[in-house]
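One letter stands for each residue in the lines below.
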Amino acid sequence: MNDVKWVELSVFVFLFAVVSVLGFVASKWRRAESLDHLDEWGLGGRNFGPWISWFLIGGDLYTAYTFVAVPGLLFGVGALGFFAVPYTIIIFPMAFVVAPRLWSVAHRHGYVTPADFVRGRHGSSTLALAIAITGIAATMPYIALQLVGIGAVLQTMGVHGHLPLVIAFVILAAYTYQSGLRAPALIAFVKDGLIYLVVLVAVIYIPIKLHGFDDIFAAADKKFKASPPPNDGILLADPQVLGYSSLAFGSALALFLYPHSITGLLATRSRDTIRRNMAALPAYSFLLGLLALLGLMAIAAGVKPLTGANGKPDSNTVVPLLFDQMFPDWFAGVAFAAIGIGALVPAAIMSIAAANLWTRNIYKEYLRPNATPAEEARSSKIASLVVKAGAVAVILTLDPQFSIDLQLIGGVIIVQTLPAIVIGLYSRAAHAWGLLAGWAVGLGAGLYMLYDTPNLITGKTHFGGAQYALSKFGIDTKVTLYTGLIAIAVNLIVTFLVTVVVRLMGRGDLPDQTSPEDYGVEAGDPDVKRLPIEEEPAPA
Amino acid sequence: MPVAGDPTQHEGSDGPAKPREGGRGWNWLLFVPFFGTFFPWIYNTGRPEFIGMPFFYWYQLAWVPISVIITVFVYRATTGSRS
C-alpha cells in the first residue's frame, strides 16, 4: 500500500463521510408520520417538487458508470462512444409526452412499480410478473456496475482489494435501509454539485493545458489511424453509422423503462413536475457530452489505462487517471469523490426499485396477498439489502467483464417491457397474452443475438457486443444494428400476431382497472385521493 | 405575445373541463431534436470545425440547448391554468 495517494484519499474519504451522514439524516427530512409505508420508504412520500426531482432523476440516470465508461469508450474506439449524446437528446422530448401519463395513472391508483401498472392495465398478474422479473434482472448488474465505477477510482488512488468497496456498500445499504428514497434524494444535491464543478473545471482547464481542441483531436486521430481495428476513429466508419443511430435510439427507448427511472418519476409531486423536468434534464446531457470528450483528452495527455483484474487494460480507469495527472492532488480527490458519490445515488435508487418490484409484484401478489402497507415497507427494506449483497457478490466472484456483459444484456432485455408499458399507456389494442408472447420471443431473440455476437478486438466468441451484423440475416453488408432494436421489432410483431389470434378465437379482454381520464389527472384534482392511500381491494 | 402560463391566453382554457394542458399540436415540435440527431449521415464529417472541434462533435452538442429550447417552448405552449 505504499503507492497510496494520501491527499486524494483523505479528501475522498471526508466527502464520502459527509454524504453518509446526510444519508442517515435524510430519514428526518420532509418527514412523514412514519416510514412504514411503501409510498414513504420507496417513493419518498411521492412529494418531491421540480428542483429535488431534477437532482434526483439526474443523479439517477447519469450514473458513475456512465461517467467513467462513456469517456472510456471514446478513448478506446472514438466517435462511436459519443452515441450517449444523441441518445440523451432523443429521450427527453419523448418522455415529456409519455411519462406524465404514467405518473397520472400511477397516482390515481397508487401504483409503485411499472409492473403494478401492467397488472392494473392489462389484468394479468403473469404479465406483471414477467415485467417485474425483467426489471429486477436488468437492474442487478447495473448496481454491480456502480461498484465498478467506485473501484476504478479507488484503484487510481492506489487502494486495491475488495474490502474498501464492501465497506462503502455496507454503509450505503445501512442508510438506504434507514431512510429509503429520501437518502439518495438528499445526497443527489451533493453529487450533482460536485459533478458539475469537476466537469466544468475539467473541460476548461484540461484543454488549455493540452493546447486546445485542435491538438486533442489531432492526437486522437493519430492514435486511431495507427491502431489495427478498422472501426475506430474520430469520425464514424461507414458501416458504423446505422449502428450509431440505432444504438442511440434503442438506448433512449430503454432509459425510462428501467425500474429506477420509473421510481424517480413516481416520486415526484405532480404531473407538472415531470413535464418541467423533461425540459430541464438535458442540462445533464451537455455535461455528459463534455465528459465524453475527456476520453479523447486522455489520449492527447498520453494516459495509459491501469490493468484490470482480468489482466487487460481497464478503460474505466482512463478518466480517473486523467484527473490524477492533470489536477492538483486535493482537487483530484474532489473529482474522485464526485465519481464515487455519483455511484451511490443510482445504486441506492436501483436497489429500492428492485426491492419494490419484489415486494409489490412477487411477495404481495403470490406469497402474502394480505400484506399490510407496513409489511410491504418492511419487505422492501430487507429486499434492498439482499439486492445490494447480490451486487457485491457479483463483483467479488465474477470477472468484472461479466458485469459489463450483463449490462449490455440489461439494455436489450429491459426494452422488451416497452410494449406492455408504453403501448399500454395509450391503448388496450394489444392483448395481455400477445404482450406476454411478444416479451418471451423478443427476449429469446435478443439473448440469442447477443450470444451470437463475437468481439473481434477482444477475441471473445460470445456476448461480444450489442451490435448485430446484418450479414447474419443473409444480407451482404458490413452494416450492424443495435441488437435491442431488432429484438423489440420481433417483440412487436409477435405481440401483434398473437393478439390477432387471441381476438379471432373470440377471447375477450382481461379486466382493466384504469379508465381513460386516469391518464391525465393532476395532483389535487377533484376525486384524486391524497397519496399515500390505503390499499384498494384487488380486482376480482 | 401571450404570457406563457397565463391561463386566459390559451385556446380551450375557457372550456368546461379545466384544460390544464392544451394545444397538443405543439407536441409535434418534439420530433425536431429526433430528426436533428438520428441521422449521422448528415453530420459525420470533420468540417467545419469550431474551436478546434470537428463538426461531428459540436453539431451534436449544439442540439442539447436546441432541444431544451424546443421542450421549454412546448411546455409553455401546452401548459394552461393549474387549478
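Calculation notes
Residues numbered from 1 in each chain as written. Chains lettered and ligands numbered in written order. Predicted model: local features only at pLDDT ≥ 70, side-chain atom pairs only at ≥ 80, totals over all residues. Helix = DSSP H or I, 4+ residues; strand = E, 2+ residues; numbered from the N terminus. Buried ≥ 20, exposed ≤ 12 C-beta atoms within 10 Å, placed from the backbone. Contact = placed C-beta atoms within 7 Å. Rg over C-alpha atoms; globule rule 2.2 N^0.38 Å. Expected span 1.5 Å × (residues − 1). Nonpolar A, V, L, I, M, F, W, Y, C, P; charged D, E, K, R; others polar. Core = buried A, V, L, I, M, F, W, Y, C linked by C-beta atoms within 7 Å. Axes fitted to C-alpha atoms, helices over the stretch in contact; angles between N-to-C directions. Parallel < 35°, antiparallel > 145°, perpendicular 65-115°, else oblique. Left-handed = near helix turned anticlockwise from the far one by under 90°. pLDDT = per-residue confidence, 0-100.

Q: Just give me the short version of the overall build of chain B, but keep the residues and values in it.
A: Within chain B one finds 2 helices and 0 strands. Sorting the 83 residues of chain B into buried and exposed places 31% on the buried side. Contacts in chain B between residues far apart in sequence, at least 24 positions, make up 59% of those at least 6 positions apart.

Q: Talk me through the overall build of chain A; I want residue IDs and the actual numbers.
A: Helix and strand counts for chain A come out as 21 helices and 2 strands. For a compact globule of 540 residues, the expected C-alpha radius of gyration is about 24 Å, and chain A comes in at 23 Å, within 12% of that figure. Reported as C-alpha extents along the three principal axes, the dimensions of chain A are approximately 65 × 60 × 40 Å. Put simply, chain A has 540 residues, and 58% of those count as buried. Long-range pairs, those at least 24 residues apart, make up 82% of the contacts in chain A with a sequence separation of at least 6.

Q: Give a detailed account of helix α21 (residues 483-504) of chain A, specifying residues and quantitative values.
A: Residue and element names in this part refer to chain A. Between its terminal C-alpha atoms α21 stretches 32 Å, which fits the 32 Å expected from 22 residues at 1.5 Å a residue. Considered for burial, the residues of α21 that qualify are Thr483, Gly484, Leu485, Ile486, Ala487, Ile488, Asn491, Val494 and Thr495. Count one or two residues on from α21 and you reach Gly506, which has phi positive near 80°.

Q: How would you explain the interface of chain A and chain B if you had to name every residue and give the values?
A: With 31 residues of chain A at the interface, the matching set in chain B holds 29 residues. Listing elements by their share of the side of chain A that touches chain B, those giving two or more residues are α5 (84-109), α10 (212-226), α11 (240-255), α13 (271-280) and α14 (282-300) of chain A. Looking at the side of chain A that touches chain B element by element, the count peaks at 8 residues for α5(A). Across the side of chain A that touches chain B, the residue classes break down as 22 nonpolar, 4 polar and 5 charged.

Q: Quick rundown of the nonpolar core? Include the residues and the values.
A: Residue and element names in this part refer to chain A. Counting 202 residues, the largest nonpolar core has Ala292 and Met297 as its most contacted members. When residues of this core are assigned to their parent elements, the largest contribution, 21 residues, is made by helix α16 (residues 329-367). Residues within four places of Met297 in sequence aside, it is in contact with Ile206, Pro207, Leu210, Ile216 and Leu322.

Q: Give a description of the packing of helix α7 (residues 125-156) of chain A against α16(A) that names residues and reports values.
A: Residues and elements named next belong to chain A. Across the interface, α7 lies against α16 with an axial gap of 8 Å and an inter-helix angle of 160°. With respect to α16, the axis of α7 lies roughly antiparallel. Of the two possible hands of crossing, α7 and α16 adopt the one that is left-handed. Residue classes in the contact of α7 with α16 are distributed as 20 nonpolar, 8 polar and 1 charged.

Q: Give a description of the confidence of the model for chain A that names residues and reports values.
A: On average, residues of chain A score 85 in pLDDT, and 93% of them are at 70 or above. Across residues 532-540 of chain A, confidence stays below pLDDT 50; counting only partners more than four residues off in sequence or on other chains, it has 9 contacts.

Q: So what about unusual backbone geometry? Which residues, and what values?
A: Cis geometry marks the peptide bond from B:Arg47 to B:Pro48, where omega comes out at 0°. Assignment of secondary structure puts B:Pro48 in the loop between α1 (31-37) and α2 (55-78). With a phi close to 50°, A:Arg46 is a non-glycine residue in the positive phi region. As for its placement among the helices and strands, A:Arg46 is situated in the loop between α2 (38-41) and α3 (50-61). In this structure, B:Ile51 is a non-glycine residue whose phi angle is positive, near 40°. Mapped onto the elements, B:Ile51 comes out in the loop between α1 and α2. Its 9 C-beta neighbours within 10 Å are what place B:Ile51 among the exposed residues.

Q: Go over helix α1 (residues 6-25) of chain A with me, naming the residues and quoting the values.
A: Along its 20 residues, α1(A) runs 28 Å from first to last C-alpha, staying within 8% of the 28 Å computed at 1.5 Å per residue. Where α1(A) is buried, its residues touch α8 (163-179), α9 (182-209) and α16 of chain A.

Q: Please provide a residue-by-residue account of the environment of A:Thr307, values included.
A: Residues and elements named next belong to chain A. Position of Thr307 among the secondary structure elements: in the loop between α14 and α15 (318-326). What makes Thr307 exposed here is the crowd of 12 C-beta atoms within 10 Å. With 114 residues separating them along the chain, Thr307 and Gly193 place their C-alpha atoms 31 Å apart. Residues contacting Thr307, with those up to four places away along its chain left out, are Lys312, Pro313 and Asp314.

Q: Lay out the packing of α5(A) against α14(A) with the relevant residues and their values.
A: Residue and element names in this part refer to chain A. Viewed as axis vectors pointing N to C, α5 and α14 meet at an angle of 175°, and their least axial separation amounts to 9 Å. As far as their axial angle goes, α14 and α5 are roughly antiparallel. Listed contacts from α14 to Ala84, Val85, Thr88, Ile89 and Phe92 of α5 are Pro282, Ser285, Leu288, Gly289 and Ala292. Within the contact of α5 with α14, the residues separate by chemical class into 7 nonpolar, 3 polar and no charged.

Q: Describe the environment of A:Gly465, and please don't skip the residues or the numbers.
A: All names here are of chain A. Summarising the element assignment, Gly465 is placed in the loop between α20 (432-451) and β1 (467-469). In the structure, Gly465 is positioned 13 residues away from Asp452 in sequence and 9.6 Å away in space, judged by C-alpha atoms. With residues up to four places along the chain from it excluded, the contact list for Gly465 reads Thr453 and Asn455.

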